[in-house]
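Here are the chains, one letter per residue:
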Amino acid sequence: MQSPKTKNLLLIFTRNPELGKVKSRLAADIGQQNALDIYVFLLNHTHKVTKQINVTKQVWYSETLGKNDIWNVGGYQKKLQPDTPDLGKRMEFAFNEGFKNAYEHIIIIGSDLYDITQNDIEIAFKKLQHNDAVIGPATDGGFYLLGLSKPIPTIFKDKNWGTNTVLKDTLNNLKKYSFEQLPPKNDVDYLDDIKDVAAFKAFIKYATND
């Protein structure tokens, strides 16, 4: 097996940006087209904050590999998530592939977090130099970033993904391991998550009482 040029791997899980298939909870508040527009905006934001990070970067699509999209620029590899509704199995598959390919520090993020920065991700990789794991707690009870320097299979099992118990259960899985937490950040799932953020005003102005 050929060793990777960098020991660090960034996994970016995305959904294919299709009307009616993204941000369903947000769409219930502001409509499907506006929810799609916001998701595309967040995809571009994720690309912006990751394109300069000097690690191997993989974009994992939900349904089909994107062609001639934003991920063509910035040195991203394109992968397809396994065909299973279980998010844990999909994430575990991506991590396992990374470890099999000799990466030593692997971080996964989603593509719908406006608060994340390049510095956040680079700090997380630094923390993995001397920890088994790093986790970025989301304010809704999940996590927005997960990093591992060794396989920890229990993290990906027996979770009610998308609920407010995920973080608690994951921290319980990590009790026997060395890990650090990043500052909490806010996921974009509901109108309340973005209604006071200036960057989203153009998308939601008709949906508010302002």
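Above this text you will find the structure in question.
Since the model is a prediction, treat every value here as computed from it, not as a measurement. (Residues numbered from 1 in each chain as written. Predicted model: local features only at pLDDT ≥ 70, side-chain atom pairs only at ≥ 80, totals over all residues. Heavy atoms only, no water.)

1. A short note on the nonpolar core
Considering soluble globular proteins, one finds that nonpolar side chains tend to be buried as a cluster. Within the largest apolar cluster, 25 residues are counted, with the highest numbers of intra-cluster contacts made by Leu-10, Ile-107, Ile-109, Ile-121 and Leu-145. Only strand E1 (8–13), helix H2 (32–50), strand E2 (56–61), strand E4 (105–109), helix H4 (118–127) and strand E6 (143–148) provide two or more residues apiece to this core. With four residues, H2 is the single largest residue contributor to this core. For Ile-107, the contacting residues outside a window of four places in its chain are Leu-9, Leu-10, Leu-11, Phe-95, Ile-121, Ala-124, Phe-125, Leu-128, Leu-145, Leu-146 and Gly-147. Listed in part, the 23 residues of the second largest apolar core include Ala-133, Ile-135, Ile-152 and Val-166. (Core = buried A, V, L, I, M, F, W, Y, C linked by side-chain atoms within 4.5 Å. Buried < 20%, exposed > 50% of the residue type's maximum accessible area, 1.4 Å probe, protein only. Helix = DSSP H or I, 4+ residues; strand = E, 2+ residues; numbered from the N terminus. Contact = heavy atoms within 4.5 Å.)

2. Quick word on the side chain of Thr-170
Along the chain, Thr-170 falls in helix H5 (residues 166–173). There is a polar contact of 2.7 Å between the side chain of Thr-170 and the backbone oxygen of Val-166. Leaving out residues up to four positions away in the same chain, Thr-170 has contacts with Ile-135, Phe-143, Ile-155 and Lys-159. (Polar contact = N/O pair within 3.5 Å; in protein donor to acceptor, adjacent residues only side chain to side chain.)

3. Details of the pattern of salt bridges
For the coordinates displayed, the defined rule picks out twelve salt bridges. The partner of Asp-189 in a salt bridge is Lys-23, and the shortest N-O contact between them spans 3.4 Å. One end of the pair, Asp-189, is in the loop between strand E7 (179–181) and helix H6 (191–194); the other, Lys-23, is in the loop between E1 and helix H1 (24–30), with 166 residues separating them in the sequence. Like Asp-189, the residue Lys-23 is buried in the burial classification. (Salt bridge = Lys/Arg side-chain N within 4 Å of Asp/Glu carboxyl O.)

4. Thoughts on helix H3 (residues 87–100)
Spanning 14 residues, H3 covers 20 Å between terminal C-alpha atoms, matching the ideal 20 Å at 1.5 Å per step. Considered for burial, the residues of H3 that qualify are Gly-88, Arg-90, Met-91, Glu-92, Ala-94, Phe-95, Gly-98 and Phe-99. Against E1, E2, E4 and E6 lie the buried residues of H3. Regarding H3, its N-cap is Asp-86, as a side-chain oxygen of that residue lies 2.8 Å from the backbone nitrogen of Gly-88 further along. Ala-102 lies just past H3 and shows a positive phi near 75°. (Expected span 1.5 Å × (residues − 1).)

5. Focus: the environment of Asp-132
The residue Asp-132 is located in the loop between H4 and strand E5 (133–137) in this model. On the accessibility criterion, Asp-132 (18% relative accessible area) is buried. C-alpha of Asp-132 to C-alpha of Pro-151: the two residues are 19 residues apart in sequence and 8.8 Å apart in space. When near neighbours in sequence (up to four residues on either side) are disregarded, Asp-132 contacts Gly-147, Leu-148, Ser-149, Lys-150, Ile-152, Tyr-177 and Ser-178.

6. Observations concerning the sheet that holds E5
Strand order across the open sheet formed by seven strands is E3-E2-E1-E4-E6-E5-E7, with mixed pairing between neighbours. Unpaired on one side and paired on the other, strand E3 (76–80) and E7 mark the two borders of the sheet. Neighbour to neighbour, the strand axes of the sheet diverge by 20° on average, direction disregarded. Here E5 pairs with E7 via three bridges, running parallel. In the strand pairing of E7, Ala-133 is matched with Phe-179. Sheet contacts for H4: E1, E4, E5, E6 and E7; angle to E4, the most-contacted strand, approximately 145°. Here H5 sits on the sheet and contacts E5, E6 and E7; the angle it forms with E5, its principal contact strand, is near 165°. (Pairing = 2+ DSSP bridges. Axes fitted to C-alpha atoms, helices over the stretch in contact; angles between N-to-C directions.)

7. Structural notes on H5
Considered for burial, the residues of H5 that qualify are Val-166, Leu-167, Thr-170 and Asn-173. For H5, the angular spread of the buried residues around the axis is 120°, confining them to a single face. (Arc of directions from axis to C-beta.)

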